[in-house]
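# Inside the fold
So the chains spell out like this:
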Amino acid sequence: MTISAFDHPILSGLLGDEELAPLFSARAEIGAMLRFEAELALAQADQGVIPQETAQEIAALLAGFSPGIAALKAGVARDGVVIPALIAQIRASLSEASRTHLHFGATSQDVIDTGFALRVREAIEILGKRLGRLIQSLESLEKRDGQIEVMAHTRMQAAIPVPASRKIRSWRAPLLRQAERLEKALDDVAVLHFGGAAGTLDRLGEKGESVARRLAARLDLALPEHPRHSERDGIAAFASVLSLISGSLGKMGQDIVLAAQSEIGEIELAAGGGSSAMPHKKNPVAAEALVTLARFNAALVGGMHQALVHENERSGAAWTLEWMLLPQMVVATGAATLKASELVDGLAFRARNA
């Protein structure tokens, strides 16, 4: 057993997602935070808050900046967030005239939350494309096998014969709804987080609103009416959508597991897992993984709802809980979409008693 199966060198073969996982690497996180700081300086220069030459120096430095990871680790242990240690390293590499203009008017949460928004936006785009392809694959499966007669089961007991299209539609229809929910979730999470110390942009004075608009435009993020430091409903809603996606795929996986049983034989899998003791077996590994990933996200989404409870204007406890849970939920959902496509592309319905 390991701390995380998603990036384990062995278990990630079953549960990993090599396209989504890098979005939550230290490299990607640091890159997104450095981008925030560079674009903040440029946006402030655009609005006359800091000198243009200072902004250019900051942006040029950050374009190739590589912080010391050991110092960041020590900083997080001390401060609970990475930004103070990161800013200290950057300032040490700037000219003395530019140091006070770096990170001006911002706070740690602005950098971390906006950096996360940039990465999650990319994850949503990837997941959306995968769902679209999976929905198309299910449509093709229905066209090919939809008229094959199978047995419906209610409460795990044989009910009446139905066409396979009855089952396939019960897999596809929820995914159509989840795709719509995922698109709406983009509005909840692809937003700029920029409020300064306590959400009022106090250090920027009358320039605060114009800098925020310019920064949002530079980062191609939506600008909410006011900073959402302690308003986590959008993030929790995104987590709920992730659980709905993986849950819908888990239902499909469970159906496939049952229909592929030797005694039932209404679904034939093109590939399956072997057994060390029983070489005749073809275990429905991908379908089982869908069930596992659905249950995993269902367990974690409750934690994300716990993280809604931010005391006052910022919570270190609730915020840290998000960091622990949400990246795993994104990768779990991604892994589920990969396994589901693998399954659908390689299964065929068989007539009862065929």
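For the structure itself, look to the data block above.
First things first, this report covers the structure right here in the doc. Note that this is a predicted model, so its numbers are computed, not measured. (Residues numbered from 1 in each chain as written. Predicted model: local features only at pLDDT ≥ 70, side-chain atom pairs only at ≥ 80, totals over all residues. Heavy atoms only, no water.)

## What to know about the overall build of the protein chain
- Each helix and strand counted, the protein chain has 12 helices and 4 strands in total.
- C-alpha extents for the protein chain along the principal axes are approximately 80 × 40 × 35 Å.
- When burial is assessed residue by residue, the protein chain has 50% of its 354 residues classed as buried.
- Within the protein chain, residue pairs in contact and separated by at least 24 positions form 76% of the contacts whose partners lie at least 6 positions apart.
- Accessible surface for the protein chain amounts to roughly 17300 Å². Of this, 53% is attributable to carbon and sulfur atoms.
- Between the mean site of the 36 positive side-chain charges and the mean site of the 41 negative ones, the protein chain shows a separation of 6 Å. (Helix = DSSP H or I, 4+ residues; strand = E, 2+ residues; numbered from the N terminus. Buried < 20%, exposed > 50% of the residue type's maximum accessible area, 1.4 Å probe, protein only. Contact = heavy atoms within 4.5 Å. Areas by Shrake-Rupley, 256 points an atom, 1.4 Å probe, with all protein chains shown as cover. Lys, Arg positive; Asp, Glu negative; His and termini not counted. Charge placed at Lys NZ, Arg CZ, Asp CG, Glu CD.)

## Observations concerning the packing of aromatic side chains
- Using the criterion set out here, one finds 5 aromatic pairs in the structure.
- Taking the centre distance of 6.1 Å and the plane angle of 25 degrees together, the rings of Trp171 and Phe349 count as stacked. One end of the pair, Trp171, is in helix H8 (residues 164–189); the other, Phe349, is in strand E4 (residues 347–349), and 178 residues separate them in sequence. Exposure class is identical for Trp171 and Phe349. Each is buried. (Phe/Tyr/Trp six-rings, centres within 6.5 Å; stacked < 30°, edge-to-face > 60°.)

## Re helix H12 (residues 316–345)
- Taking 1.5 Å as the rise per residue, H12 with 30 residues should run 44 Å; its terminal C-alpha atoms sit 45 Å apart, in good agreement.
- Along its length, H12 shows its largest kink, about 25 degrees, at Trp323, and proline Pro327 lies within four residues downstream of that point.
- Two to three positions downstream of the cap, the backbone nitrogen of Ala317 sits 3.4 Å from a side-chain oxygen, assigning the N-cap of H12 to Ser315. (Expected span 1.5 Å × (residues − 1). Bend = angle between axes of the 7 residues up to and from the residue. Polar contact = N/O pair within 3.5 Å; in protein donor to acceptor, adjacent residues only side chain to side chain.)

## Remarks on helix H11 (residues 285–306)
- Taking 1.5 Å as the rise per residue, H11 with 22 residues should run 32 Å; its terminal C-alpha atoms sit 32 Å apart, in good agreement.
- Within the sequence span of H11, burial applies to Ala286, Ala287, Ala289, Leu290, Val291, Leu293, Ala294, Asn297, Leu300, Val301, Gly303 and Met304.
- Where H11 is buried, its residues touch helix H1 (12–15), helix H10 (233–259) and H12.

## What about the pattern of salt bridges?
- In total, this model carries 14 salt bridges according to the counting rule given.
- A salt bridge links Lys251 to Asp255; its shortest N-O distance comes to 2.7 Å. Of this pair, Lys251 and Asp255 are both found in helix H10, 4 residues apart, which corresponds to roughly one turn of the helix.
- A relative accessible area of 37% places Lys251 in the partly exposed class.
- Counted as one network, the salt bridges with shared partners bring together Glu39, Asp46, Arg214 and Arg218. (Salt bridge = Lys/Arg side-chain N within 4 Å of Asp/Glu carboxyl O.)

## Notes on the pairing of strand E1 (residues 149–154)
- In the sheet, E1 pairs with strand E2 (residues 157–163) via 5 bridges, with the strands oriented antiparallel. By the bridge assignment, Met151 is partnered in E2 with Pro161.
- Linking two consecutive strands that pair antiparallel, namely E1 and E2, is a turn of 2 residues; a positive phi of about 55 degrees is found at Arg155 within it. (Pairing = 2+ DSSP bridges.)

## A short note on the packing of helix H2 (residues 26–46) against helix H3 (residues 52–63)
- Where H2 contacts H3, the axes come no closer than 8 Å and their chain directions differ by 165 degrees. For the element pair H2 / H3, the angle class is roughly antiparallel. Note that H2 runs across H3; the crossing there is left-handed. Together, Leu34, Glu37, Ala38, Ala41, Leu42, Ala45 and Asp46 of H2 and Gln52, Ala55, Gln56, Ile58, Ala59 and Leu62 of H3 make up the contact between the two elements.
- Here the residues of the contact of H2 with H3 sort into 9 nonpolar, 2 polar and 2 charged. (Axes fitted to C-alpha atoms, helices over the stretch in contact; angles between N-to-C directions. Parallel < 35°, antiparallel > 145°, perpendicular 65-115°, else oblique. Left-handed = near helix turned anticlockwise from the far one by under 90°. Nonpolar A, V, L, I, M, F, W, Y, C, P; charged D, E, K, R; others polar.)

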